[in-house]
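If you want the building blocks of each chain, they are given just below.
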Amino acid sequence: MPLTYSDQQRRAYLEFTDKVGMGWIQLFAGDTEFYSAAYWDLFTHLWRTTDPVRKTDAINAITGVKSPLTASKYIDTALKRGLIVEKVNPSDARSKLVTLSAPMRAQMDAFFDDAVDEMKKAAEGL
């Protein structure tokens, strides 16, 4: 299969992903505990959905983790840190709903604005 992109384009992509990765760490004030695909899956899933989701759906959104128990630990850590909030599901008292905390949603909005700016800069430079 012939290659599609030049070495310069591939390097620009790596530079872009490095900048986005550093932005992700800055989102958590340098706390590298959250530099994990599991947290990326969790937080981006919750960011995409403006309404709270069932906790079991949030667990299932963490695709890199096969064990629901392990995925629950990621959610518990985010809850303890105040990055997500949990409440009773009004339509089913047996389940809980989770959503991003308001400050976390605002920080992620800013993170994605910066990421899109970096993406535009990378595209313009090619």
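Everything below is about the structure shown above.
In short, a report on the structure. None of these values were measured; they are calculated from a predicted model. (Residues numbered from 1 in each chain as written. Predicted model: local features only at pLDDT ≥ 70, side-chain atom pairs only at ≥ 80, totals over all residues. Heavy atoms only, no water.)

## Things to note about the pattern of salt bridges
A full pass over the atoms with the stated rule returns 10 salt bridges. In this structure, glutamate 118 and lysine 19 form a salt bridge, with 3.5 Å as the shortest nitrogen-oxygen distance. With glutamate 118 in helix H5 (residues 102–124) and lysine 19 in helix H1 (residues 7–27), the pair connects residues that are 99 residues apart, well separated along the chain. Arginine 54 serves as the salt-bridge partner of aspartate 57, at 3.0 Å between the closest nitrogen and oxygen. (Salt bridge = Lys/Arg side-chain N within 4 Å of Asp/Glu carboxyl O. Helix = DSSP H or I, 4+ residues; strand = E, 2+ residues; numbered from the N terminus.)

## So, the nonpolar core
In this structure, Phe28, Leu42, Phe43, Met104 and Met108 are the most contacted members of the largest nonpolar core, which totals 28 residues. Elements represented by at least two residues in this core include exactly H1, helix H2 (37–48), helix H3 (55–61), helix H4 (68–80), strand S3 (96–100) and H5. Beyond its immediate stretch of four places on either side in the chain, methionine 108 contacts Trp24, Leu27, Phe43, Thr44, Trp47 and Leu100. (Core = buried A, V, L, I, M, F, W, Y, C linked by side-chain atoms within 4.5 Å. Buried < 20%, exposed > 50% of the residue type's maximum accessible area, 1.4 Å probe, protein only. Contact = heavy atoms within 4.5 Å.)

## So, the packing of aromatic side chains
Within this structure, the stated rule accounts for 14 aromatic pairs. Ring centres of tyrosine 39 and tyrosine 74 lie 5.0 Å apart, and the angle between their planes is 80°; this geometry places the pair in the edge-to-face category. Of this pair, tyrosine 39 sits in helix H2 while tyrosine 74 sits in helix H4, and the two are 35 residues apart along the sequence. Tyrosine 39 gets classed as buried once you look at its relative accessible area, which sits at 2%. A network of ring pairs unites the aromatic residues Trp24, Phe28, Phe34, Tyr39, Trp40, Phe43, Trp47, Tyr74, Phe111 and Phe112 as a single cluster. (Phe/Tyr/Trp six-rings, centres within 6.5 Å; stacked < 30°, edge-to-face > 60°.)

## Here we look at the environment of serine 91
By the secondary structure assignment, serine 91 is in the loop between strand S2 (84–88) and S3. Distance from serine 91 to tryptophan 47, taken between C-alpha atoms, is 22 Å for residues 44 residues apart in sequence. Reaching out from serine 91, the side chain makes a polar contact with the side chain of asparagine 89 at a distance of 2.9 Å. (Polar contact = N/O pair within 3.5 Å; in protein donor to acceptor, adjacent residues only side chain to side chain.)

## Some words on the layout of surface pockets
Volume-wise, the largest pocket comes out at about 180 Å³. Along its surface, the largest pocket is lined by 13 residues, and Gly23, Gln26, Phe111, Asp114 and Ala115 are the ones closest to its centre. Elements represented by at least two residues in the lining of the largest pocket include exactly H1 and H5. Top contributing element to the lining of the largest pocket by residue count: H5, with eight residues. When its residues are assigned to classes, the lining of the largest pocket shows five nonpolar, three polar and five charged. (1 Å grid on protein atoms, 1.4 Å probe; cavity = no way out; pocket = protein on both sides within 12 Å on 5 of 7 lines; lining within 4 Å. Points joined across faces, edges and corners; volume = space filled by probe spheres on them. Nonpolar A, V, L, I, M, F, W, Y, C, P; charged D, E, K, R; others polar.)

## Quick word on the pairing of S3
With four of five residues buried, S3 lies mostly within the body of the structure. Examined bridge by bridge, strand S1 (residues 53–54) and S3 share two bridges and lie antiparallel to one another. The residue of S3 that forms the bridge with valine 53 is valine 98. When S2 meets S3, the two strands line up antiparallel, connected through five bridges. Bridging across to S3, glutamate 86 finds its partner in valine 98. (Pairing = 2+ DSSP bridges.)

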